[in-house]
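# Structure at a glance
Below, each chain spelled out in residue letters.
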Amino acid sequence: MSAAWTMETAGAGDWPAAPSGAGALLSVEHLTMRFGGLIAVEDVSFVAGKSEITAIIGPNGAGKTTVFNCLTGFYKPTVGRLALDRGERAFLLERMDDFRIAQHARVARTFQNIRLFPAMSVLENLIVAQHNRLMRASGFTVAGLIGFGGYRAAEREAVELARHWLAKVGLIAAADTNAGGLPYGAQRRLEIARAMCTRPVLLCLDEPAAGLNPRETAELSDLVVSIRDQERIGVLLIEHDMGVVMGIADHIIVLDYGRKISDGTPEAVRADPTVVKAYLGEDDPDLPDPPGGRDGGGG
Amino acid sequence: MAVVPDAPARSIAPGERRLDLAAVLKEAAIAGLIALALGFFIIGLKTDTVPGGLALKGRWDWVAIAVAVVVAGRLAIALRRQMRPQAASARREEIANRIADGVKTFARYAGPALVVMAVAFPLTPFANRYYVDIATLVLTYIMLGWGLNVVVGLAGLLDLGYVAFYAIGAYSFALLAIHLDWGFWVALPFAGCCAALLGVLLGFPVLRLRGDYLAIVTLAFGEMIRIILLNWYHVTRGPDGLSDIPRPSFFGLEFARSPEEGVETFHTFFGLDYQSLHRIVFLYYVILALALVTNFFTLRIRKLPIGRAWEALREDEIACRSLGINPTNTKLTAFAIGAMFGGFAGAFFATRQGFISPESFTFIESAVILAIVVLGGMGSQIGVVIAAVLLIGGTEVLRELEEFRMLAFGAAMVAIMVWRPRGLLAHRDPTVRLHQAGAGGGSPP
């Protein structure tokens, strides 16, 4: 298990400390992603803490999703170090394959355009998320085929975890229906539940409130906050709905044209003139709030 | 509105919706023109052998009849559609759904019933040599269909070269049996393993491909294997094929009228008269057992994490990666297991025929197996059975139609694709349920 991407936590003393002192879960240093001549993300560094909601905001095309894709291994960053410290072990995400990041480093994500398994049932979606655990329990299929008891118990446990998350996102009644037939808002919630079923230490949500109505948006905010408070995991959140971001984020990072232009608490970011400028195009001293800030609590 | 009786609705319809006669006539005329263009060459011109070569003969009366039929038919269809615009399509949909529902409930009880029927079949008085042979052939295709169903139906990897694994199984069994004198039951697992190994070898280069691109590569792979078999003369004896492949024995008892010295035969051991049917029936039971093993294995593996991962991979590979599923291993196991069953079926084919040559493993075989899987409804086990019976058994039944057989076959396929584009039995049951008496683990297969 001591592959090239893991390192002893003790040997990694040169990491910057998290601003809140909660202990850094993820530290991104000098992340740069180039696609040919296009620089999508340039020299971005930030830290995300344990049991904190870190929001990444910015205008369209600012490079937010690219940061996510680098973190979850879908892109290999051109430059930069992405270190995830799980306490007992640390991982260098930039060296890992996408599925290994999910499996070993336990970073889970959702997608901007929902990616469920539409022809499978809601429950199956959540069971698939526990693939590696069940794979081990089924003796990599061999023992499971013969029918050892261990697999049965593991599957029951997996169903229980799935039931827990279905109850949290209010989809218990729909458990045996096809995921593709769910309404849009329910699909968004199911995707979050599925990500949580991988038992992550860092959950990356890519525009979870996109396309939701105000009531659903409020429920989503509550869900994300409860994930932070009850599971005590880190949440990275990309969101355009400023009501959600300002309402629940502990820490906000603002990107514009691939560069980090601001980093701090919601209050500090809201007052930051460069952020206002990025959103409005000019510096207007009469407008202390970014435009989204007046959206209110999504109500 | 739906409860309005039929007759008044029909009398109102033309009043409300003026009959657009011009459009109807235009549609019929276009259909007639197409029929004329096609029929001019296909029906109108006929070559006859006359002394000194060929003569071209016109059959214009036939063309006229064909065009008249097409125009009249199109007119009738268009008129009917104008009279009752959505009713027809809605009703057709409803009928199709009702049939699907019926088949679904039927399928629940049909599985065990079919197994009992299959086991009892050779003991019934109908079981003459011809029927048992056809049943054996159908079962071979059912097994191949079930094997390919793992790759195409569950993992969603479109494989057009499945016959390659069938061929590898047949040849590796034949070579082991001829050169090393291995018996059928000993060589069978090896034949399956060889095919599985080749499945992994094929799997590696095509890991990144999906859909059309994968289909092209697997198609080429199937042809490569056939051409290798054709040209590697000192091993495969090329187009001459391998003959004298030993027949399977019943726990060491041979099926032969006059065995060699010191070999006991089936009929002397059981004190029966020698009948050539014994071996045919035995082969039937062998393939039945192999097919049932394939089915059991597939049903079982669908409820295991690897089976669910295959289906998830078919649905969305990127989502799978984000959940920590290793797509390489998952795809390779699908290829390997599908290939293994193809290899088993191939070994059976070799021992049944006693002779194999590359001619038995052409692309048309792959196409037929894929047609069975697609027509049956991808991922549906019972659908594969129905499709195999229809396709293989049907072509045998229609043998009397001679050259029109393929026409009927094609028409049936078009009809199925029009009415049930996702296959006869496209229904999929979840592998695990939350709401059920005693909710929890998966129900037994």
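Just so it is clear, the structure is predicted and the values come from calculations on it, not from any experiment.

Rules used throughout
Residues numbered from 1 in each chain as written. Chains lettered and ligands numbered in written order. Predicted model: local features only at pLDDT ≥ 70, side-chain atom pairs only at ≥ 80, totals over all residues. Helix = DSSP H or I, 4+ residues; strand = E, 2+ residues; numbered from the N terminus. Contact = placed C-beta atoms within 7 Å. Domains from an automatic or database assignment. Nonpolar A, V, L, I, M, F, W, Y, C, P; charged D, E, K, R; others polar. pLDDT = per-residue confidence, 0-100. Buried ≥ 20, exposed ≤ 12 C-beta atoms within 10 Å, placed from the backbone. Pairing = 2+ DSSP bridges. Right-handed = clockwise from strand over helix to strand, strands pointing away. Axes fitted to C-alpha atoms, helices over the stretch in contact; angles between N-to-C directions. Parallel < 35°, antiparallel > 145°, perpendicular 65-115°, else oblique. Left-handed = near helix turned anticlockwise from the far one by under 90°.

## Quick look at the overall build of chain B
When helices and strands are tallied, chain B shows 17 helices and two strands. For chain B, long-range pairs separated by at least 24 residues make up 75% of all intrachain contacts whose partners lie at least 6 apart in sequence.

## Structural notes on the domain arrangement of chain A
Residues and elements named next belong to chain A. Along its sequence, chain A is organised into domain 1 (1–106 + 200–299) and domain 2 (117–198). Counting from both sides, the interface comprises twelve residues of domain 1 and, opposite them, ten residues of domain 2. Sorting elements by how many residues they give to the side of domain 1 that touches domain 2 places helix α8 (residues 214–231) first, with three residues. For the side of domain 1 that touches domain 2, a count of residues per class yields eight nonpolar, two polar and two charged.

## Points about unusual backbone geometry
In this model, Glu207 of chain A sits at a positive phi of 50 degrees, which is unusual for a non-glycine residue. You can see Glu207 of chain A is positioned in the loop between β8 (202–206) and α8.

## As for the interface of chain A and chain B
With 34 residues of chain A in contact, the opposing surface of chain B contributes 30 residues. If you list the elements that add at least two residues to the side of chain A that touches chain B, you get α2 (98–105), α3 (122–128), α4 (131–137), α5 (142–146) and α6 (149–169) of chain A. Looking at the side of chain A that touches chain B, the element that brings in the most residues is α6 of chain A, giving five residues. Partitioning the side of chain A that touches chain B into residue classes produces 16 nonpolar, nine polar and nine charged.

## Focus: the confidence of the model for chain B
All names here are of chain B. Averaged over every residue, the pLDDT of chain B is 80; the share at 70 or more is 85%. Model confidence for chain B, summarised as mean pLDDT per element, is weakest for helix α1 (residues 6–16) at 44 and strongest for helix α14 (residues 327–353) at 91. Under a pLDDT of 50 for its full length, residues 1–15 has, in the predicted model, six contacts with residues more than four places off or in other chains. Counting interchain partners and residues more than four positions distant, the pLDDT-below-50 stretch residues 437–445 has 14 contacts. Predicted as a complex, the structure gets a pTM of 0.77 and an ipTM equal to 0.81.

## So, the confidence of the model for chain A
On average, chain A scores 81 in pLDDT, and the residues at 70 or more come to 83%. For residues 8–22 of chain A, every residue scores under 50 in pLDDT, and the model assigns this stretch 23 contacts once sequence neighbours within four places are set aside.

## A word on the domain arrangement of chain B
Per the domain assignment, the segments making up chain B are domain 1 (6–85) and domain 2 (101–243 + 275–419). Between the C-alpha centres of domain 1 of chain B and domain 2 of chain B the distance comes to 42 Å.

## Quick word on the pairing of strand β9 (residues 234–238) of chain A
Residues and elements named next belong to chain A. Of all the five residues making up β9, five are buried; the element is thus mostly covered by neighbouring parts of the structure. Taking every second residue as pointing to the same face, both faces of β9 are buried, with Gly234, Leu236 and Ile238 on one and Val235 and Leu237 on the other. Where strand β4 (residues 53–57) meets β9, four bridges bridge the pair, whose relative direction is parallel. Note that in β9 the partner of Ile53 across the bridge is Val235. Pairing of β8 with β9, which is carried by five bridges, proceeds in the parallel orientation. Its bridge partner lying in β9, Leu205 is registered against Leu237. Note that the unit made of β8, α8 and β9 has a crossover that is right-handed.

## Considerations on the sheet that holds strand β11 (residues 259–264) of chain A
Residue and element names in this part refer to chain A. Strand order across the open sheet formed by six strands is β7-β8-β9-β4-β10-β11, with mixed pairing between neighbours. Across the chains shown, the open sheet's two edge strands, defined by having one partner strand only, are β7 (107–109) and β11. The average angle at which neighbouring strand axes cross in this sheet is 20 degrees, direction not considered. With respect to the sheet, helix α1 (residues 64–71) is in contact with β4, β7, β8, β9 and β10 (251–256), its orientation differing from that of β8 by roughly 145 degrees.

## Some details on α1 of chain A
All names here are of chain A. In terms of residue burial, α1 counts as a mostly covered element, since eight of its eight residues are buried. Of all the positions in α1, only Lys64, Thr65, Thr66, Val67, Phe68, Asn69, Cys70 and Leu71 are classed as buried. Downstream of α1 by a residue or two, Gly73 has a phi angle that is positive, lying close to 85 degrees.

## A look at the packing of helix α2 (residues 21–42) of chain B against helix α3 (residues 60–83) of chain B
All names here are of chain B. The geometry of α2 relative to α3 is characterised by a closest axis approach of 8 Å and an angle of 150 degrees between their N-to-C directions. Comparing the axis directions of α2 and α3 gives the class roughly antiparallel. Considering the relative orientation of α2 and α3, their crossing is right-handed. Of the residues in α3, those touching α2 at Val24, Glu27, Ala28, Ala31, Gly32, Ala35, Leu36, Gly39 and Phe40 are Val63, Ala66, Val67, Val70, Val71, Arg74, Leu75, Ala78, Leu79 and Gln82. Its residues assigned to classes, the contact of α2 with α3 comprises 14 nonpolar, three polar and two charged.

## Quick look at the environment of Ile253 of chain A
Residues and elements named next belong to chain A. Looking at the element boundaries, Ile253 is found in strand β10. As a C-alpha pair, Ile253 and Glu155 span 98 residues in sequence and 40 Å in three-dimensional space. Discounting chain neighbours no more than four positions away, the residues touching Ile253 are Phe46, Thr54, Ile56, Lys260 and Asp263.

## Considerations on the environment of Tyr166 of chain B
All names here are of chain B. Structurally, Tyr166 can be placed in helix α6 (residues 163–179). Tyr166 sits 211 residues away from Gly377 along the chain, and the two C-alpha atoms are 22 Å apart. Filtering out sequence-adjacent residues up to four positions away, Tyr166 remains in contact with Leu144, Gly342, Ala345, Gly346, Phe349, Phe361 and Glu365.

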